[in-house]
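# Per-entry structural report
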There are 2 protein chains.
Amino acid sequence: MHILIIGAGGMVGRKLTEALVRQGHVGGNEISALTLADIVAPTAPATGIATTRLASDMSLPGEAEKLVASRPDLIFHLAAIVSGEAEADFDKGYRINMDGTRALLEAIRAEGRKGPYKPKLVFTSSIAVFGAPFPDAIGDEFFNTPLTSYGTQKTICELLITDYSRKGFVDGISVRFPTITVRPGKPNAAASGFFSNILREPLVGIEAVLPVSRDVRHWFASPRAGVGFLLHAAELDLTRMGWRRALTLPGLSATVGEEIEALRRVAGDKAVALIREEHDPKIVAMVDGWPKNFDARRAESLGFTAEKTFDEIIRAHIEDELGGRIG
Amino acid sequence: MHILIIGAGGMVGRKLTEALVRQGHVGGNEISALTLADIVAPTAPATGIATTRLASDMSLPGEAEKLVASRPDLIFHLAAIVSGEAEADFDKGYRINMDGTRALLEAIRAEGRKGPYKPKLVFTSSIAVFGAPFPDAIGDEFFNTPLTSYGTQKTICELLITDYSRKGFVDGISVRFPTITVRPGKPNAAASGFFSNILREPLVGIEAVLPVSRDVRHWFASPRAGVGFLLHAAELDLTRMGWRRALTLPGLSATVGEEIEALRRVAGDKAVALIREEHDPKIVAMVDGWPKNFDARRAESLGFTAEKTFDEIIRAHIEDELGGRIG
């Protein structure tokens, strides 16, 4: 089985690559080749699997065709610019987040015209496809009214992937990620970054800024759960989904206050004292339009799972990023 | 006020043009100029209003820019290829129904960069943005899971129009038309044509084929109501909609059997006897995925109205198309 990961250089992409290399197979099929693509050629982990590293911007003419020319059996499409950047640069957002995906779908379709080819495609969508006002818990049949260009682009990609699947050009699924927390490494341009910052930084003795009030509720899953979502999607028989190929994933609905209390239980008052509250009206306003809670029973019935407490999320971070120890 | 109608040559476009010319104003603003565009230059009704006729395919480079170069204040975008054709010709469907709309939005945005410009845009969407299975009545917050490429393209246009509106480039609304019945003239490539055929043809003494069973339920409005939708949308203060700019319009939920009984009441057994039942498994299968009933209370609260009985729909046809007499 040949696997292509587009956006392999990102945080989730790197963790997914490591997981694939570690397990060596997907759904009983041995991984024979791995192609890792991103704007900058991603680093490859040490492995016996034949690995190709590619630098590619899929939204540019001819690039998507190059990515699928080797006819990968399974494609993970994780590439996107984040919400803050897509909102600030309208043209770039549509080019990368929408035209790039469409180019990939067209390249797959063109390969299929040369000879039978229908790869499985796992696309990371986002809860940004939803916009306030919301019911208490957003159900699987709630409508998509994104309040950002990023959310609009993700919704359009979901629609395209479903239609290309229905027409038999690809076998696609779009999985709407909760906000991945705790993100390791440095903050990125995502406005949601503070949800991770207020855990990650205090856990290693560094101060972090909380720009919203503690009663803000949001929807979370760990990076470990995120990789689990992708692997499960890759193994899932998608005919079980009919032509409703976009799926809200399970997650944890919690307030920032609950997040902080979990930090206190795991790392003590000393860690919590490093969180400095400094409200940012711009971020407060954005967060106000974000989803707070879901009833993701369809994904649960299809076997997707996520953490049930913030303690679990924090412990996953300590195990996966800090060698099991708190600094 | 300068009004541009894109798709002015189609059935609804012609009726809209006539209505605008007849009333001479929109929302208290006198109509000073009218631009009528379609793939083939539309015919213009006799009027004192300065009228320009244009042949244009908006999906081709430079064409959308030409359409908005004269900076119309109000744009009706009715242009599309129908569901049957979009399903049969995948590339043409995406080019006309999706890329064309995007080109229009980009041309408007480009005009706005030259100097302040934010026209009102009324876009005809469709109940094809929904796909089975459905609840008994589809509410205003039900999700879009189209089962055709046409429905996918309409949904994407809705999303784009909302995002371009939110960003301040245009002031747009997407109105999801019920199936317009009775369509005058000849059958077109729409698979839904039989809903009209079984009324229009018998009313003038001609046989018509019914390809589905009489218990098929669907969602209807007359061409007269359709024009009313567009005029009401043009006058509506869209800030009342927030950033939920796509709207399911009111209509009549009725079975084919109820449609036929209305024909019997209006035109007698003789007309009904001209309907020949000849089931077409392909059409039966398509219709099975179409919406049957809506709870369109949001549109109703915004002042949109449609017929409440099929008798009204048939009488509107007799008045508007047959000079008030049954043949």
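Rules used in this analysis
- Residues numbered from 1 in each chain as written.
- Chains lettered and ligands numbered in written order.
- Predicted model: local features only at pLDDT ≥ 70, side-chain atom pairs only at ≥ 80, totals over all residues.
- Heavy atoms only, no water.
- Helix = DSSP H or I, 4+ residues; strand = E, 2+ residues; numbered from the N terminus.
- Contact = heavy atoms within 4.5 Å.
- Least-squares fit on C-alpha atoms with pLDDT ≥ 70 in both.
- Pairing = 2+ DSSP bridges.
- Axes fitted to C-alpha atoms, helices over the stretch in contact; angles between N-to-C directions.
- Parallel < 35°, antiparallel > 145°, perpendicular 65-115°, else oblique.
- Nonpolar A, V, L, I, M, F, W, Y, C, P; charged D, E, K, R; others polar.
- Expected span 1.5 Å × (residues − 1).
- Buried < 20%, exposed > 50% of the residue type's maximum accessible area, 1.4 Å probe, protein only.
- 1 Å grid on protein atoms, 1.4 Å probe; cavity = no way out; pocket = protein on both sides within 12 Å on 5 of 7 lines; lining within 4 Å.
- Points joined across faces, edges and corners; volume = space filled by probe spheres on them.
- Buried area = accessible area lost by both parts, 1.4 Å probe.
- Salt bridge = Lys/Arg side-chain N within 4 Å of Asp/Glu carboxyl O.
- Polar contact = N/O pair within 3.5 Å; in protein donor to acceptor, adjacent residues only side chain to side chain.
- Core = buried A, V, L, I, M, F, W, Y, C linked by side-chain atoms within 4.5 Å.

Residue and element names in this part refer to chain B. Mapped onto the fold, Phe195 is located in helix α6 (residues 194-203). Sequence-wise, Phe195 and Ser83 are 112 residues apart; in three dimensions their C-alpha atoms are separated by 15 Å. Excluding its chain neighbours within four sequence positions, the residues that come into contact with Phe195 are Thr179, Thr181, Val216, His218, Phe220, Val256, Glu259 and Trp290.

Mapping chain B onto chain A is achieved by rotating through 180 degrees and translating by 0.0 Å along the same axis, at an RMSD of 0.0 Å. What the rotation and shift describe, once combined, is the action of a two-fold rotation axis. Minimal C-alpha separation from the rotation axis in chain B is found for Phe143(B), amounting to 2.0 Å.

Here the focus is the sheet that holds strand β5 (residues 50-55) of chain B. Residue and element names in this part refer to chain B. The sheet built from seven strands is open, its strands ordered β5-β4-β1-β6-β7-β8-β12 with parallel pairing. Two strands close off the open sheet at either side, each with one partner strand: β5 and β12 (246-248). Averaged over all neighbouring strand pairs, the angle between strand axes comes to 15 degrees, with direction disregarded. Taken together, the three bridges between strand β8 (residues 171-177) and β12 define a ladder with parallel strand orientation. Within β12, the residue paired with Ser174 across the bridge is Ala246. Taken strand by strand, helix α5 (residues 149-166) contacts β7 (120-126), β8 and β12, and its axis lies near 155 degrees from that of β7.

Right, let's talk about the packing of helix α6 (residues 194-203) of chain A against helix α8 (residues 256-272) of chain A for a bit. All names here are of chain A. The contact between α6 and α8 brings their axes to 10 Å, and the two run at 5 degrees. Taken as axis vectors, α6 and α8 run roughly parallel relative to one another. Listed contacts from α8 to Phe194, Phe195, Ile198, Leu199, Pro202 and Leu203 of α6 are Val256, Glu259, Ile260, Leu263, Ala267 and Ala271. Class assignment of the residues belonging to the contact of α6 with α8 gives a composition of eleven nonpolar, no polar and one charged.

Okay, helix α1 (residues 11-23) of chain B next. Residues and elements named next belong to chain B. In this model α1 runs 19 Å from its N-terminal to its C-terminal C-alpha over 13 residues, within 8% of the 18 Å that 1.5 Å per residue would give. Within α1, the full set of buried residues consists of Met11, Val12, Gly13, Lys15, Leu16, Thr17, Ala19, Leu20 and Val21. Looking one or two residues beyond α1, the residue adopting positive phi is Gly24, at roughly 75 degrees.

To continue, consider empty space enclosed by the protein. Tallied over the entire structure, the rule returns five cavities of 30 Å³ or more. Of the pockets and cavities examined, the largest cavity occupies roughly 300 Å³. Forming the boundary of the largest cavity are 22 residues, of which Asn144(A), Thr145(A), Glu158(B), Arg176(B) and Ala246(B) lie nearest the centre. Broken down by element, the lining of the largest cavity gets its largest block of residues, five residues, from α5(B). Residue composition of the lining of the largest cavity, by class: seven nonpolar, eight polar and seven charged.

This part covers the interface of chain B and chain A. Chain B puts 34 residues into the contact, and the matching count from chain A is 34 residues. For the pair chain B and chain A, the two sides together bury roughly 3000 Å², of which 54% comes from carbon and sulfur. Taken together, chain B and chain A are joined by eight salt bridges. Note that Lys167(B) and Glu87(A) form a salt bridge whose closest N and O atoms lie 3.4 Å from each other. Taken together, the connections running from chain B to chain A amount to 22 residue pairs in polar contact (both at pLDDT 80 or more). Mapped onto the side of chain B that touches chain A, the elements with two or more residues apiece are α4 (90-114) and α5 of chain B. Sorting elements by how many residues they give to the side of chain B that touches chain A places α5(B) first, with nine residues. Of the residues assigned to the side of chain B that touches chain A, the class counts are 15 nonpolar, seven polar and twelve charged.

Here we take up the nonpolar core. Within the largest apolar cluster, 52 residues are counted, with the highest numbers of intra-cluster contacts made by Ile75(A), Leu160(A), Ile75(B), Leu104(B) and Leu160(B). Ignoring anything within four residues of it in the chain, the contact list for Leu160(B) reads Tyr94(A), Met98(A), Ile156(A), Arg102(B) and Leu105(B).

What follows deals with the pattern of salt bridges. All told, the structure shown has 52 salt bridges over all chains when counted by the stated rule. Between Arg166(A) and Asp163(A) there is a salt bridge, with its nearest N and O atoms 2.8 Å apart. Of this pair, Arg166(A) and Asp163(A) both sit in helix α5 (residues 149-166), separated by three residues, roughly a single helical turn. Taken individually, Arg166(A) and Asp163(A) each receive the classification buried, so the pair is uniform in this respect. The partner of Glu85(B) in a salt bridge is Lys92(B), and the shortest N-O contact between them spans 2.6 Å. The exposure class assigned to Glu85(B) is partly exposed, which follows from its relative accessible area of 29%. Salt bridges linked by common partners bring Glu87(A), Asp163(B), Arg166(B) and Lys167(B) together as one network.

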